[in-house]
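# Residue-level structural notes
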Amino acid sequence: MLDFEAIKEKAKEYEPDMVAFLRDLIRLKGESCEEGDKAKRIKEEMEKLGFDKAWIDGQGNVLGEMGTGEVQIAFDGHIDTVGIGNIDNWEFDPYEGFEDKDLIGGRGGSDQLGGPVSAVYGAKIMKDLGLLNDKYRVLVTGTVQEEDCDGNCWLYMIEQEGIKPEFVVSTEPTDGGIYRGQRGRMEIRVEVQGVSCHGSAPERGENAIYKMAEILKEIEQLNENPADDSVEIKGLVKMLDEKYNPEWKEARFLGRGTVTTSQIFFTSPSRCAVADSCAISLDRRMTAGETWESCIKEIEDLPAAKKHNAKVTMYDYERPSWTGLSYKQEAYFPTWVIPEDHKVTKALEEAYKGLYGDKRISPPIIKEEEKRAARPLTDKWTFSTNGVAIMGRHGIPVIGFGPGAEDQAHAPNEVTFKQDLVTCAATYAALPTIYTK
């Protein structure tokens, strides 16, 4: 039987080490495709703590294994960050950061460097307390290019490196909760052609921007319309209705899909001419029951898209990592959700509740305490994670539990919470024993 108190005490004992490790990582600048120094620093920490194996793969992901058991259980966190944006919006140096008794500030604190820190020390706690056995071994990953193309790292690891754990814990920030899914997303391009002519006589040509304007209004209707027969174009809210979607229950859990226009492009011979092409980019968020095929078709089927022979395609992603390797994929990131009664979901809930009870643990900060108290322990992300490849494309179960707060992601004055580092390390340490019992 697990000694939950011993696990909690050991995690608390390691708090200063985790804090120092996280601050080291924050100070190593590393946006997407520039994560090399962070990968090397994590490998160094793994080796110092006695991991059985620690290595950096061809794409630049850092991996470490603890134990030699049959079942591999993985803990994933990405180690790249977004840029800092306008420095004037920061109250402290985003890469030097700051620390007080409860907080660590700096770019990447919540999104997402705290997760790998807790995972590395969670594995160390397993080793210290003799929890490793012949039933399982633990894999901790610090993955790259997630901010550019979520899941690309895991596509590479699964498809090229043969990494196929029994399940994966995503250590993305979860505000003290357990997350069992997220909406998917895809990046769509819509193009229409026109015929240019002199701007003084526009009737001689076909203005591609005007054609696209008609399509844009109908895309807006997809996002805003109801799903009843009062409208020609039924809104995306229809996927919450069992009449249209066999997966409507999980769709209601994850939330409805959305679509928005994020970019617009055009070509024209000059500012004195009619535009002869126009294209837009769409950010499409997908709920359960939606696929890339269905999302492409719903744009193709818009009356204005048919009228103007719109070409609807999906973007590709292909950009070298810090090692120089490029792993191409479509810009499609599938919805995933693990059932609430799945063995992995139940095991993580049992581990957490055995340590901390049935409420979200919060740092002693009033705003954070109120926010967490209002939410159920088991919930879902609003944003996308590497789970889009692990479970969305390859069907390997994923569950989420990680230090930090969602609303800190990509924001100025980003902070994370020391309590979360401890809570997560302890829960990670307890999970494999419970799962394999």
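Here, every reference points to the structure presented above.
Residues numbered from 1 in each chain as written. Predicted model: local features only at pLDDT ≥ 70, side-chain atom pairs only at ≥ 80, totals over all residues. Heavy atoms only, no water.

### Brief notes about the pattern of salt bridges
Inspection of the entire model under this criterion finds 42 salt bridges. Glu349 is the salt-bridge partner of Lys346, the closest N and O atoms lying 3.7 Å from each other. Within this pair, Lys346 and its partner Glu349 are both found in helix α10 (residues 343-356), separated by three residues, close to a single helical turn. For Lys346, a relative accessible area of 44% translates into the label partly exposed. (Salt bridge = Lys/Arg side-chain N within 4 Å of Asp/Glu carboxyl O. Helix = DSSP H or I, 4+ residues; strand = E, 2+ residues; numbered from the N terminus. Buried < 20%, exposed > 50% of the residue type's maximum accessible area, 1.4 Å probe, protein only.)

### Observations concerning the nonpolar core
Of all hydrophobic cores here, the largest spans 89 residues; its most connected members are Ile7, Phe75, Val120 and Trp154. If one sorts the elements of this core by residue count, helix α13 (residues 418-436) sits on top with eleven residues. Not counting chain neighbours up to four residues away, the residues in contact with Trp154 comprise Ala74, Asp76, Thr141, Thr143, Ile163, Pro165, Val168, Asn386, Ala389 and Ile390. Ranked by size, the runner-up nonpolar core spans 25 residues in total, among them Val192, Leu236, Ala304 and Val312. (Core = buried A, V, L, I, M, F, W, Y, C linked by side-chain atoms within 4.5 Å. Contact = heavy atoms within 4.5 Å.)

### Details of the layout of surface pockets
Counted as a void, the largest pocket has a volume near 270 Å³. Every residue lining the largest pocket is counted, 14 residues in all, and those nearest its centre are Leu222, Lys234, Lys238, Glu298 and Asp301. Partitioned by chemical class, the residues of the lining of the largest pocket number six nonpolar, two polar and six charged. Of the volumes computed, that of the second largest pocket is approximately 200 Å³. His78, Asp111, Glu146, Glu147, Asp150, Glu172, Arg185, Arg285, Phe383, Ser384, Ala409 and His410 together form the lining of the second largest pocket. Across the lining of the second largest pocket, the residue classes tally to two nonpolar, three polar and seven charged. (1 Å grid on protein atoms, 1.4 Å probe; cavity = no way out; pocket = protein on both sides within 12 Å on 5 of 7 lines; lining within 4 Å. Points joined across faces, edges and corners; volume = space filled by probe spheres on them. Nonpolar A, V, L, I, M, F, W, Y, C, P; charged D, E, K, R; others polar.)

### Section: the environment of Asn89
Of note, Asn89 is situated in the loop between β3 (71-78) and β4 (98-99). Considered as a pair, Asn89 and Lys8 are 81 residues apart in the sequence and their alpha carbons are 37 Å apart. Once residues within four sequence positions are removed from consideration, Asn89 is found in contact with Pro412 and Asn413.

### Structural notes on the sheet that holds strand β20 (residues 415-417)
Either a parallel or an antiparallel arrangement is found when strands of a sheet pair, and the pairing is made through backbone hydrogen bonds. On the basis of which strands lie adjacent, the open sheet formed by three strands has the order β4-β5-β20 and antiparallel pairing. In this open sheet, the two edge strands, each paired with only one partner strand, are β4 and β20. Where β4 meets strand β5 (residues 103-105), two bridges bridge the pair, whose relative direction is antiparallel. Opposite Glu99, over in β5, you have Ile104 as the bridge partner. In this fold helix α2 (residues 15-27) packs onto β4, β5 and β20, with an angle of close to 15° to the strand it touches most, β5. (Pairing = 2+ DSSP bridges. Axes fitted to C-alpha atoms, helices over the stretch in contact; angles between N-to-C directions.)

### Topic: the packing of helix α4 (residues 109-128) against α13
Between two packed helices, the angle of one axis relative to the other and the distance separating the axes together describe the packing. Close contact between α4 and α13 brings their axes to 8 Å; oriented N to C, the two are set at 45°. It follows that α4 is oblique to α13 by the angle criterion. Helix-helix and strand crossings are classified by hand; for α4 and α13 the assignment is right-handed. Contacts between α4 and α13 involve Gly114, Gly115, Ser118, Ala119, Gly122, Ile125 and Met126 from the former and Asp420, Leu421, Cys424, Ala425, Tyr428, Ala429 and Pro432 from the latter. Partitioned by chemical class, the residues of the contact of α4 with α13 number nine nonpolar, four polar and one charged. (Parallel < 35°, antiparallel > 145°, perpendicular 65-115°, else oblique. Left-handed = near helix turned anticlockwise from the far one by under 90°.)

### Re the packing of aromatic side chains
The way to describe two aromatic rings as a pair is by their centre distance and the angle between their planes. Following the criterion strictly, the structure yields 13 aromatic pairs and no others. Seen in terms of ring centroids, Phe75 and Tyr428 are 5.0 Å apart; in terms of plane orientation they differ by 50°. Their pairing is tilted. Separated by 353 residues along the polypeptide, Phe75 in strand β3 and Tyr428 in helix α13 bring together distant segments of the chain. For the pair Phe75 and Tyr428, a shared accessibility class is recorded, and that class is buried. (Phe/Tyr/Trp six-rings, centres within 6.5 Å; stacked < 30°, edge-to-face > 60°.)

### Structural notes on the environment of Thr378
You can see Thr378 is positioned in strand β18 (residues 378-379). Here Glu349 takes part through its side chain, which lies 2.7 Å from a polar atom of the side chain of Thr378. (Polar contact = N/O pair within 3.5 Å; in protein donor to acceptor, adjacent residues only side chain to side chain.)

### Comments concerning α10
Over its 14 residues, α10 runs 20 Å from end to end, which matches the ideal 20 Å to within 8%, given 1.5 Å per residue. Residues Val344, Thr345, Ala347, Leu348, Glu349, Ala351, Tyr352, Leu355 and Tyr356 constitute the buried set of α10. Along its buried surface, α10 packs onto α1 (4-13), β7 (167-170), β8 (178-179), β18, β19 (398-400) and α13. Gly357 lies just past α10 and shows a positive phi near 90°. (Expected span 1.5 Å × (residues − 1).)

### With respect to a nonpolar patch on the surface
A surface patch of nonpolar side chains, about 360 Å² in accessible area, is lined by Ile209, Tyr210 and Phe266. Looking at the secondary structure, you find Phe266 in strand β11 (residues 258-267). (Patch = residues over 30% accessible without salt bridge, like charges linked within 9 Å, V, L, I, M, F, W, Y side chains within 5 Å. Areas by Shrake-Rupley, 256 points an atom, 1.4 Å probe, with all protein chains shown as cover.)

### Let's talk about the pairing of β7
By the alternation rule, side chains of β7 split into Phe167 and Val169 and Val168 and Ser170, which are all buried. Sheet topology note: the β3/β7 ladder contains four bridges and is parallel. Looking at β7, one finds that Ile73 is bridged to Phe167. Pairing of β7 with β19, which is carried by three bridges, proceeds in the parallel orientation. Looking across to β19, one finds that Val169 is bridged to Ile399.

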